[in-house]
Amino acid sequence: MKASLKACDVVIFGGGGDLAMRKLLPALYHLDMDGLLAPTTRITGVSRRELSAQDYQQKVRTALDEFVPSSIGDEKTWPRFKERLSYVSVDAGQESDFARLNDHQVGGDDRDVVFYLATSPDLFGSICSSLASHGLNADRMRVVLEKPLGRDLISSRAINDEVMKNFKEQQAFRIDHYLGKETVQNLLAIRFGNTLFEPLWDSAHIDNVQITVAETVGVEGRWGYYDKAGAMRDMVQNHLIQLLCLVAMEPPGRMDADSVRDEKIKVLKALRPISGANAYTKTVRGQYAKGRVNDKDVQGYFDEEGSNPESRTETFVALRADIDNWRWAGVPFYLRTGKRLGQRYSEIVIQYKAVPHSIFSDESNRQLQRNQLVIRLQPEEKISLTVMNKVPGASEGMNLQPVDLNLSLTEAFNDKRSPEAYERLLLDVMRNDATLFMRYDEVEAAWKWVDGIMSAWSQTSERPKEYASGSWGPAASMALPIKDGRNWHDY
């Protein structure tokens, strides 16, 4: 990341909340540590609670000690970062409170301002309206919107429309932290920076694509919140669909915000609708039950505090998506995500087709393993390509076995710390670069596709299928690719 030394005010609504303390402020601290913040950049926490600047600084210090181990004993960055920190008490529902931001000279001296809304989306509209009423929506001011943007197309549109009454589209940055991951950005580099892959990136060479985001945690005491969202809204509508778009998009004319997002919206519009009876053949939803994860007994979804046994909210989704265009005709995209699964990882698997004819007649070579490109996003970030290779030795015949060609970002760049996703995204907002952020029409197209699935689910009495914690989801999810003559990558 190149240095960004233009002075900027970063104002975090929900500045004392979990997201700010766990992710946003540690990310800003790292940017400061790496010399990527201008000397006069200021960071202001905003919430209803009455706090002094000193109290807020101490709260941030405590969070950094917990979430940024390198900050402990750091006598260079912390004193500088501390001086950037201030605090303003504002009730988001009281428009008059926003005058305190003017009194605090937010945006003074024609400085750029980033308003990060780390609050409930229900407050996005009123916050933006109050900012505008106090003149805090000039072109040099930007607003960052955290997910989820609504529960469906109608509510998402209502939120976006309210924001757009007060800020222009180019001022709105809808964030998906998955797009800030180094490996996700490397997906673009792999495709469009090498002659090796792009000529083979189509239905003539690729058999199927699999995208998995697996979690070992449950709802972690947030049953009431999660039950209103579920895996489809929480993960598929944003994270998985965005990854699908980056895999499937056509090469953009330029590497700029609108060129990239224009190609992504074409993918979203080409997604074949899943509705009615198709929802039962193309999707599987589940709820986790008791089981063992990481050698520990864990509760089921209905054993969590505050649970309702009548809930039909899914904690697991697997589905087959099809893209109706020339590049991807006939190539299934299998998407899968869930809580309390057997392992925590996120990856994209590009499964290539088999060689049309094997010239190797040895018994062990009857089933040559197909080439695979595996892009692992977490917990480690790496890229591997599986190829067939001759087994060393002078034995009779040509014995082959699969070998992985690995690129570990950690090992390849061992002298560089891999930045967290929020670091890259916050810096991009300060630079006014929207390439890795979602545009209004992207959000709408994604919701339209997801709404069709959820509408079909709501019209049936069938409950989500139960699966044991520590497993890989309901048995029906294993069968989803099998009925197409395929398997999940890890089976």
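Residues numbered from 1 in each chain as written. Predicted model: local features only at pLDDT ≥ 70, side-chain atom pairs only at ≥ 80, totals over all residues. Heavy atoms only, no water.

K.L.:
What exactly am I supposed to notice about the overall build of the chain here?
P.N.:
Scanning the chain from N- to C-terminus turns up 14 helices and 16 strands. Taken over the C-alpha trace, the chain has a radius of gyration of 24 Å; the compact-globule value for 491 residues is 23 Å, and the two agree within 12%. Here the C-alpha coordinates of the chain stretch approximately 80 × 55 × 45 Å along the principal axes. A buried classification covers 53% of the 491 residues belonging to the chain. Partitioning the intrachain contacts of the chain with sequence separation of at least 6 by distance along the chain shows that 77% fall at a separation of at least 24. (Helix = DSSP H or I, 4+ residues; strand = E, 2+ residues; numbered from the N terminus. Rg over C-alpha atoms; globule rule 2.2 N^0.38 Å. Buried < 20%, exposed > 50% of the residue type's maximum accessible area, 1.4 Å probe, protein only. Contact = heavy atoms within 4.5 Å.)

K.L.:
Just checking my understanding: could you explain the side chain of Glu 198 for this structure?
P.N.:
Secondary-structure assignment places Glu 198 in the loop between helix H7 (182-192) and strand S7 (206-214). Ignoring anything within four residues of it in the chain, the contact list for Glu 198 reads Arg 191, Phe 192, Pro 251 and Arg 327.

K.L.:
When you look at the UniProt feature "active site" (unreviewed entry) in the chain in this model, what are you seeing that I'm missing?
P.N.:
Those residues carrying the UniProt feature "active site" (unreviewed entry) are His 239 in this numbering. Inspection of the secondary structure assignment puts His 239 in helix H8 (residues 223-248). Excluding its chain neighbours within four sequence positions, the residues that come into contact with His 239 are Lys 147, Asp 176, His 177, Tyr 178 and Asp 234. Here the side chain of His 239 touches Asn 238 through a polar contact of 3.3 Å, side chain to side chain. (UniProt positions renumbered as here; feature names shortened; annotations may be inferred. Polar contact = N/O pair within 3.5 Å; in protein donor to acceptor, adjacent residues only side chain to side chain.)

K.L.:
Just checking my understanding: could you explain the UniProt feature "binding site: NADP(+)" (unreviewed entry) in the chain for this structure?
P.N.:
UniProt tags Arg 48 and Lys 147 as "binding site: NADP(+)" (unreviewed entry). Along the chain, the position of Arg 48 falls in the loop between strand S2 (42-47) and helix H2 (53-67). We classify Arg 48 as exposed; its relative accessible area is 63%. Discounting chain neighbours no more than four positions away, the residues touching Arg 48 are Tyr 87, Ser 89, Val 90 and Asp 91. Note on placement: Lys 147 falls in the loop between strand S5 (141-145) and helix H6 (153-164). Judged by relative accessible area, Lys 147 falls into the partly exposed class, the value being 23%.

K.L.:
Explain the nonpolar core here, please?
P.N.:
Among soluble globular proteins, nonpolar side chains are generally buried collectively. Leu 25 and Phe 333 are the most contacted members of the largest nonpolar core, which totals 142 residues. With 14 residues, H8 is the largest single contributor of residues to this core. (Core = buried A, V, L, I, M, F, W, Y, C linked by side-chain atoms within 4.5 Å.)

K.L.:
Explain the pattern of salt bridges here, please?
P.N.:
A side chain with one charge can pair with a side chain of the opposite charge if their charged atoms come near. Under the counting rule described, the total for this entry stands at 40 salt bridges. As a salt-bridge pair, Asp 256 and Arg 254 come within 3.0 Å of each other at their nearest N and O atoms. Looking at Arg 254, the relative accessible area reads 56%, which means it is exposed. Three or more residues joined by partner-sharing salt bridges are found here, namely Arg 272, Lys 282, Arg 320, Asp 322, Asp 324 and Asp 484. (Salt bridge = Lys/Arg side-chain N within 4 Å of Asp/Glu carboxyl O.)

K.L.:
Would you mind showing me how to read the packing of H2 against helix H3 (residues 77-84) here?
P.N.:
When two helices pack together, their arrangement is given by the angle between the helix axes and by the axis-to-axis distance. Axis separation between H2 and H3 bottoms out at 10 Å; the angle between their running directions is 140°. When the interaxial angle is binned, H2 and H3 end up oblique. Relative to H3, H2 is oriented so that their crossing is right-handed. Contacts between H2 and H3 pair Gln 57, Val 60, Arg 61 and Leu 64 from the former with Trp 78, Phe 81 and Lys 82 from the latter. (Axes fitted to C-alpha atoms, helices over the stretch in contact; angles between N-to-C directions. Parallel < 35°, antiparallel > 145°, perpendicular 65-115°, else oblique. Left-handed = near helix turned anticlockwise from the far one by under 90°.)

K.L.:
So what exactly am I meant to see when it comes to the side chain of Thr 460 here?
P.N.:
Take Thr 460: it is sitting in the loop between helix H13 (440-458) and strand S16 (465-469). Overall, the relative accessible area of 17% leaves Thr 460 in the buried class. A polar contact of 3.1 Å, which involves the side chain of Thr 460, links it to the backbone nitrogen of Glu 462. Dropping the residues within four chain positions of it, Thr 460 is found in contact with Tyr 280, Arg 285 and Arg 312.

K.L.:
Teacher, can you tell me more about the packing of aromatic side chains here?
P.N.:
Describing an aromatic ring pair means giving the distance of the ring centres and the angle of the ring planes. In total, this model carries 13 aromatic pairs according to the counting rule given. The interplanar angle of 80° and the centroid separation of 5.1 Å between the aromatic rings of Phe 173 and Phe 437 together place this pair among those described as edge-to-face. Pair noted here: Phe 173 is in strand S6 (residues 172-174) and Phe 437 is in the loop between helix H12 (421-431) and H13, with a separation of 264 residues, a long-range link. Both residues of the pair, Phe 173 and Phe 437, belong to the buried class. Grouped by ring-pair contacts, the aromatic residues Trp 223, Tyr 288, Tyr 301 and Phe 302 constitute a single cluster. Directly above the ring of Trp 78 sits Arg 61, whose terminal nitrogen or CZ lies 4.7 Å from the centroid. Residue placement shows Arg 336 over the ring face of Trp 488; its charged tip is 4.1 Å from the ring centre. (Phe/Tyr/Trp six-rings, centres within 6.5 Å; stacked < 30°, edge-to-face > 60°. Lys NZ or Arg CZ within 6 Å of the ring centre and 35° of its normal.)

K.L.:
How should the packing of helix H1 (residues 18-33) against H2 be read in this particular structure?
P.N.:
Two elements in contact, H1 and H2, have axes whose closest approach is 10 Å; the angle formed by their N-to-C orientations is 90°. Taken together, the axes of H1 and H2 are roughly perpendicular relative to one another. Along its contact with H1, which presents Met 21, Arg 22, Leu 25, Pro 26 and Tyr 29, the element H2 presents Tyr 56, Lys 59, Val 60, Ala 63, Leu 64 and Phe 67. Of the residues contributing to the contact of H1 with H2, the split by class is 9 nonpolar, no polar and 2 charged. (Nonpolar A, V, L, I, M, F, W, Y, C, P; charged D, E, K, R; others polar.)

K.L.:
What's the story with the environment of Thr 41 in this structure? I'm lost.
P.N.:
Along the chain, Thr 41 falls in the loop between H1 and S2. When neighbours within four sequence positions are excluded, Thr 41 is seen to be in contact with Lys 6, Ala 7, Cys 8, Arg 84 and Arg 111.

K.L.:
Any chance you could explain H2 here in plain terms?
P.N.:
Residues lying three or four places apart along an α-helix face the same way, a consequence of the helix completing one turn every 3.6 residues. Over its 15 residues, H2 extends 21 Å from the first C-alpha to the last, a length consistent with the 21 Å expected when each residue adds 1.5 Å. Each element contacted by the buried residues of H2 is listed here: H1, S2, H3 and strand S3 (85-89). (Expected span 1.5 Å × (residues − 1).)

K.L.:
Sorry if this is basic, but what is going on with unusual backbone geometry here?
P.N.:
Going from Gln 378 to Pro 379, the amide bond is cis rather than trans, its omega being 10°. A positive phi angle is found at Asn 294, which is not glycine, with a value near 55°. In this fold, Asn 294 is placed in the loop between strand S8 (283-293) and strand S9 (296-298). Positive phi, close to 65°, is recorded for Asn 432, a residue that is not glycine. Residue position: Asn 432 is located in the loop between H12 and H13.

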